Amino acid sequence: MAKPKSSPKHVAVIMDGNGRWAEMRGRPRLVGHHAGARRVQEIVKACPDVGVEYLTIFAFSTENWKRTQREVSGLMRLFRKYILKEAKALLQAGVRVRFIGDRIKLDEKLVRMMDDLELLTADNTKLHLTVALNYGGRDEVTRAVQRLAFDVSQNKLKYTDVDAEVLGKYLDTRLLPDPDLVIRTSGEARISNFLLWQSAYSEYEFIDTLWPDFTSEEFKAVVGRFGTRERRFGAVKA
Ligand code: FPP
């Protein structure tokens, strides 16, 4: 497929439906997450073909700790396995990996692997892949406001200088542009605490396909549709 005329520079994805995909097959939910991880690899590869420069994926939310211990530890094992298995391929493919979310609750070994992968891929520019892990939009804004308030208390910042741009610099996403397009798979039309601040003017696509069935062809078609949308950012048509 040719590059669309106007590609979304930054696509963010809520990868929903892994559990249902597995349950429909009479398999444990973790089998769905493993199938989901294979789709991640495929979609990462597809991004440069369609002009997407930033891909942000919701891998684990601040609410996902409420799942069974078995599912949570299985997901954490999967993240470690993914980093271990994919680091070299990501480096060679020119992908720069970043993680957003609160690392405090994550296992030390996983955090070390995340830090190492960020460092290893820091010079890459072909695709900026951001993995949201223990991430929640409200949690991110809360942590940002805490840091900002601390700087005000230290006289590093005047409270009258705080505006949206300044607050944006305290967010986990400070180095990323806002997402142009947010995709959620599996037929649910909710934001679920994902990039609440950053998606103020994003376009949304709610897709019925379950994440493990979401092929790179379907991804490219969704990205291609973005070119037909008219974005006004609150202004009237020129
Ligand atoms: C939501 O589906 C999915 C998750 C909470 C986990 C997403 C994780 C992956 C796709 C694994 C791979 C990720 C990386 C970065 C390697 P769900 O379990 O809520 O599905 P359901 O709504 O059908 O129950």
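Residues numbered from 1 in each chain as written. Predicted model: local features only at pLDDT ≥ 70, side-chain atom pairs only at ≥ 80, totals over all residues. Heavy atoms only, no water.

## Description of the sheet that holds strand E5 (residues 181-184)
In a beta sheet, neighbouring strands pair by backbone hydrogen bonds and run either parallel or antiparallel. Pairing in this open sheet of six strands is parallel, and the strands run E3-E4-E2-E1-E5-E6 from one edge to the other. In the strand order of this sheet, the two ends are held by strand E3 (95-100) and strand E6 (203-206), each with one partner. Here the strands of the sheet are splayed against their neighbours by 20° on average, with no regard to which way each runs. Sheet topology places E3 next to strand E4 (residues 127-135); six bridges connect them, and they run parallel. In the strand pairing of E4, Arg 96 is matched with His 128. Along the sheet, helix H2 (residues 29-46) contacts strand E2 (54-61), E3 and E4; its crossing angle with E2, the most-contacted strand, is approximately 165°. (Pairing = 2+ DSSP bridges. Helix = DSSP H or I, 4+ residues; strand = E, 2+ residues; numbered from the N terminus. Axes fitted to C-alpha atoms, helices over the stretch in contact; angles between N-to-C directions. Contact = heavy atoms within 4.5 Å.)

## Notes on the pairing of strand E1 (residues 10-14)
With respect to burial, E1 is a largely interior element, five of its five residues being buried. Burial of the side chains of E1 extends over both faces: His 10, Ala 12 and Ile 14 are buried on one face and Val 11 and Val 13 on the other. Where E1 meets E5, four bridges bridge the pair, whose relative direction is parallel. Paired with Ala 12 across the two strands is Val 182, which belongs to E5. (Buried < 20%, exposed > 50% of the residue type's maximum accessible area, 1.4 Å probe, protein only.)

## Notes on the site of the ligand
As a matter of local geometry, the ligand sits amid 18 residues, with Asp 16, Gly 19, Arg 20, Arg 29 and Arg 67 nearest to it. Interatomic distance of 3.1 Å between a backbone N/O atom of Gly 19 and an oxygen atom of the ligand. The fraction of the free accessible surface of the ligand (620 Å²) that becomes covered by protein chains is 92%. More than half of the atoms of the ligand fall within 2 Å of the grid points belonging to the largest pocket. Of all the secondary structure elements, the ones that give two or more residues to the shell around the ligand are helix H1 (18-24), H2, E2 and helix H3 (69-92). In terms of residue count, the dominant contributor to the shell around the ligand is H2 (four residues). Residues belonging to the shell around the ligand are distributed by class as follows: eight nonpolar, six polar and four charged. (Near = heavy atom within 4 Å. Polar contact = N/O pair within 3.5 Å; in protein donor to acceptor, adjacent residues only side chain to side chain. Areas by Shrake-Rupley, 256 points an atom, 1.4 Å probe, with all protein chains shown as cover. 1 Å grid on protein atoms, 1.4 Å probe; cavity = no way out; pocket = protein on both sides within 12 Å on 5 of 7 lines; lining within 4 Å. Sits in = over half its atoms within 2 Å of the grid points. Nonpolar A, V, L, I, M, F, W, Y, C, P; charged D, E, K, R; others polar.)

## Considering the layout of surface pockets
Here the largest pocket defines a volume of roughly 720 Å³. What lines the largest pocket is a set of 36 residues, and nearest its centre among them are Met 15, Asn 18, Phe 58, Ala 59 and Asn 64. Counting residues per element, the ones that place at least two in the lining of the largest pocket are H1, H2, E2, H3, E3 and E4. Partitioned by chemical class, the residues of the lining of the largest pocket number 20 nonpolar, eight polar and eight charged. (Points joined across faces, edges and corners; volume = space filled by probe spheres on them.)

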